[in-house]
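# Architecture at a glance
Spelled out from the first residue to the last, the chains are:
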Amino acid sequence: MFILVNLKAYPCDPIAVATAARDVAEASGARIGVAPQAADLARVAETGVETWAQHVSPNGHGSHTGSTLAEAVADNGAAGTLINHSENRLKLADIDGSVGAAERAGLETIVCANNPAQIGAAAALSPDAVAVEPPELIGGDVSVATADPGIVEDAVTAAEAVDPEVDVFCGAGVSTGDDVDAAGELGASGVLLASGVAKADDPAAVLEDLVSGL
Ligand SMILES: O=C(CO)COP(=O)(O)O
């Protein structure tokens, strides 16, 4: 299971979380990534943790003010990028463009989607993974695997029908090792989470619990 911690724009210390994630990953052998704000990518990557961007733009170099260039993200140490997070939704053509830009820059890609129908559409763009995150469960206390297990199973089925090579992750409300285990039992091969770690008093303790069943 891949555990990707999305720091969003939470007011946490990205270096403290990244250092804790690196240490827990090394001690446990689990794969843990951290996705900080774009401006923090290089500092987070310097900790040695697997570093992800929260977004890349569909465009390449040129007159595109305000872009997050996939090439710049890769040059600053990111291994991969989220695309189309529920809080940063893109048009279909731009999701396609961002997947292409990320792949040209050598980044791994996870395209987020709200429901199984969108998961099927996202899988058709051939990212490395898709992630189902019901918006109403994001930031809540109950994990998607508990609150709506059917949406995870249906997302796995939808992606499999389009492209069996595309991994399926899930996210929203994930904060414990039991949540990670439940997601795996439903067919997910990774989880995205944010508030459970970014808002924790002791992120290292939460990360240790998250990997405890792996
Ligand atoms: O949006 C998410 C991860 O990308 C999930 O957020 P929470 O873990 O805070 O529910």
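Residues numbered from 1 in each chain as written. Predicted model: local features only at pLDDT ≥ 70, side-chain atom pairs only at ≥ 80, totals over all residues. Heavy atoms only, no water.

## Quick look at the packing of aromatic side chains
Worth spelling out the cut-off: For Phe, Tyr and Trp, rings pair up if their centres lie within 6.5 Å, where Trp contributes its six-membered ring, and each pair is then called stacked (planes under 30 degrees apart), edge-to-face (over 60) or tilted (otherwise). Helix and strand definitions follow DSSP, with helices as H or I runs of at least four residues and strands as E runs of at least two, each counted in order from the N terminus. Relative accessible area decides the class of each residue, using a 1.4 Å probe on protein chains only: under 20% of the type maximum gives buried, over 50% gives exposed, and in between gives partly exposed. Cation placement over rings: the criterion is NZ of Lys or CZ of Arg within 6 Å of the ring centroid and within 35° of the ring normal.
Tallied over the full model, the rule gives 2 aromatic pairs. Geometrically, the ring pair formed by Phe-2 and Trp-52 is tilted, given 5.6 Å between the ring centres and 45° between the ring planes. Here the residue Phe-2 occupies a position in strand β1 (residues 2-6), and Trp-52 occupies one in strand β3 (residues 50-53), the gap between them amounting to 50 residues. When its relative accessible area of 3% is taken as the criterion, Phe-2 is described as buried. One cation-aromatic arrangement involves Arg-31 over Phe-2; the distance from NZ or CZ to the ring centre is 3.8 Å.

## Side note on the sheet that holds strand β6 (residues 129-132)
For clarity, the cut-off: Here, any two strands with at least 2 DSSP bridges between them count as paired. The axes used here are C-alpha line fits, helices contributing only the stretch in contact, and every angle between their N-to-C directions lies in the interval 0 to 180 degrees.
Strand order in the closed barrel formed by 8 strands is β1-β2-β3-β4-β5-β6-β7-β8, and the pairing between neighbours is parallel. Neighbour-to-neighbour, the strand axes of this sheet turn through a mean angle of 25°, independent of strand direction. Relative to β6, strand β5 (residues 108-113) runs parallel, the two being bridged by 4 bridges. Within β6, the position partnered with Cys-112 by the bridge is Ala-131.

## Some details on the pattern of salt bridges
For clarity, the threshold we go by: Basic side-chain nitrogens of Lys or Arg form a salt bridge, by our definition, when they fall within 4 Å of a carboxyl oxygen of Asp or Glu.
For the coordinates displayed, the defined rule picks out 5 salt bridges. Note that Arg-31 and Glu-108 form a salt bridge whose closest N and O atoms lie 3.2 Å from each other. Pair noted here: Arg-31 is in strand β2 (residues 31-35) and Glu-108 is in strand β5, with a separation of 77 residues, a long-range link. Here the salt bridges do not stand alone but share partners, grouping Arg-31, Glu-50 and Glu-108 into one network.

## Observations concerning the side chain of His-55
The test is simple: By the convention used here, residues are in contact when the closest approach between their heavy atoms is within 4.5 Å.
Considering the arrangement of structural elements, one finds His-55 in the loop between β3 and α3 (70-75). Not counting the four nearest positions on each side in its chain, His-55 is found in contact with Thr-68, Thr-81, Leu-82, Asn-88 and Leu-90.

## What to know about the confidence of the model for the protein
Applicable threshold: Summary of the metric used: pLDDT quantifies the predictor's per-residue confidence within the range 0 to 100.
Averaged over all residues, the pLDDT of the protein equals 98, while 100% of them reach at least 70. Listed scores for the predicted complex are pTM 0.98 and ipTM 0.99.

## Observations regarding the site of the ligand
For clarity, the threshold we go by: Near is defined per residue: the residue qualifies when any heavy atom it owns lies within 4 Å of the molecule or strand. In the analysis that follows, any N or O atom pair within 3.5 Å is treated as a polar contact, provided that within protein one partner can donate a hydrogen and the other can accept it, and provided that, for residues neighboring in sequence, both atoms belong to side chains. In these tables, accessible area is a Shrake-Rupley quantity obtained with a 1.4 Å probe, and a residue counts as shielded only by the protein chains included in the view.
The full set of residues close to the ligand is Asn-6, Lys-8, His-85, Glu-133, Ile-138, Gly-139, Ala-172, Gly-173, Leu-192, Leu-193, Ala-194 and Ser-195. Asn-6 has a polar side-chain atom sitting 3.1 Å from an oxygen atom of the ligand. At a separation of 2.8 Å, an oxygen atom of the ligand approaches a polar backbone atom of Ala-194. Protein contact buries 100% of the 310 Å² of open area that the ligand shows by itself.

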